[in-house]
Amino acid sequence: MENIIEALFLGLIEGLTEFLPVSSTGHLLLIGHFLGFESTGKTFEVLIQLGAILAILSVYFNKLWTIAKALPHDPDARRFVIGVVIAFLPAALIGAALHGFIKEVLFDPWIVCMTLIAGGFVLLLVDRMPLTATHEDATRFPLPMYLKIGFLQCLAMVPGVSRSGATIVGAMLMGASKRAAAEFSFFLAMPTMAGAFAYDLLKNYKFLSSNDAAIIVAGFITAFIAALVVVKKLLDYVSRHGFTPFAWWRIIVGAAGLAGLIAFG
């Protein structure tokens, strides 16, 4: 029962942070470390992302269905789908190649704290830069821009960097508006997170027990509900307020994590 309660709490954290530029994996690893929560093969942090994936699919279902129906006759729809595939490929290839190294070496709370703090200062800097938005529609970025965003997403393989943070900052530096940058991070999240989920499950399903399944389901449920709320509210929020609140949150959490590691290990 204690593991189920911890899983519900961690699922809530996953859902609340997955689409914010604060690193959901970093938060899960830090909180799990201090709670003493250890999942088989560290798969829990990846597999509960399915809840967040389904949340974003439910919010964007109509738009995705419209794009799918337009594919046979609309070159703009085909171009956007190609753009998402192009952006997804770097993470798919590099993630598969470095999967073991990422799990064994980079899933470390000290690394998480340092990257949370560093990423916070990057967000503060970018939010204050006098950037000119030349791309207001996430479905109409130039194809080379999609590829560059895809490579920047790979930085998030280091826990604490934040997948959404890397893609949003990269898109903004290349001329996307805050809203368009955040929206494209949603679109790119779908294949990226689904791919990570499928790959991790394939690698570790033989080692999972019924108890593992129970805590994953518990985390999935709360991740879905929390992510649903965040996805519906985030675009309007960042359009009005930018990313400074998330930057300070990263710095505070990273500093608190370092203090906790020094004090308690």
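For the structure, see preceding data.
A. Up close: the overall build of the protein chain. Broken down by element type, the protein chain carries 13 helices and zero strands. Walking the protein chain from its N terminus toward its C terminus, one meets helices and strands in the order α-α-α-α-α-α-α-α-α-α-α-α-α. Relative to a compact globule of 265 residues, whose C-alpha radius of gyration would be 18 Å, the protein chain shows 18 Å and is just as compact. Along the three orthogonal principal directions, the C-alpha set of the protein chain runs to about 55 × 40 × 35 Å. Here the protein chain holds 265 residues, and the buried ones make up 50% of them. When contacts within the protein chain are restricted to residue pairs at least 6 apart in sequence, those whose partners lie at least 24 apart make up 84%. Here the protein chain displays about 12200 Å² of accessible surface, and carbon together with sulfur accounts for 72% of that area. Between the mean site of the 18 positive side-chain charges and the mean site of the 17 negative ones, the protein chain shows a separation of 8 Å.

B. Broad picture of the side chain of Glu18. Residue position: Glu18 is located in the loop between helix H1 (2-17) and helix H2 (24-35). For Glu18, a relative accessible area of 5% gives the class buried. Among the polar contacts made by the side chain of Glu18, one reaches the side chain of Ser24 at a distance of 2.7 Å. Sequence-distant contacts of Glu18, defined by excluding residues within four places in its chain, comprise Ser24, Gln49, Ala52, Arg163, Ser164 and Met193.

Rules behind the numbers
Residues numbered from 1 in each chain as written. Predicted model: local features only at pLDDT ≥ 70, side-chain atom pairs only at ≥ 80, totals over all residues. Heavy atoms only, no water. Helix = DSSP H or I, 4+ residues; strand = E, 2+ residues; numbered from the N terminus. Rg over C-alpha atoms; globule rule 2.2 N^0.38 Å. Buried < 20%, exposed > 50% of the residue type's maximum accessible area, 1.4 Å probe, protein only. Contact = heavy atoms within 4.5 Å. Areas by Shrake-Rupley, 256 points an atom, 1.4 Å probe, with all protein chains shown as cover. Lys, Arg positive; Asp, Glu negative; His and termini not counted. Charge placed at Lys NZ, Arg CZ, Asp CG, Glu CD. Polar contact = N/O pair within 3.5 Å; in protein donor to acceptor, adjacent residues only side chain to side chain.

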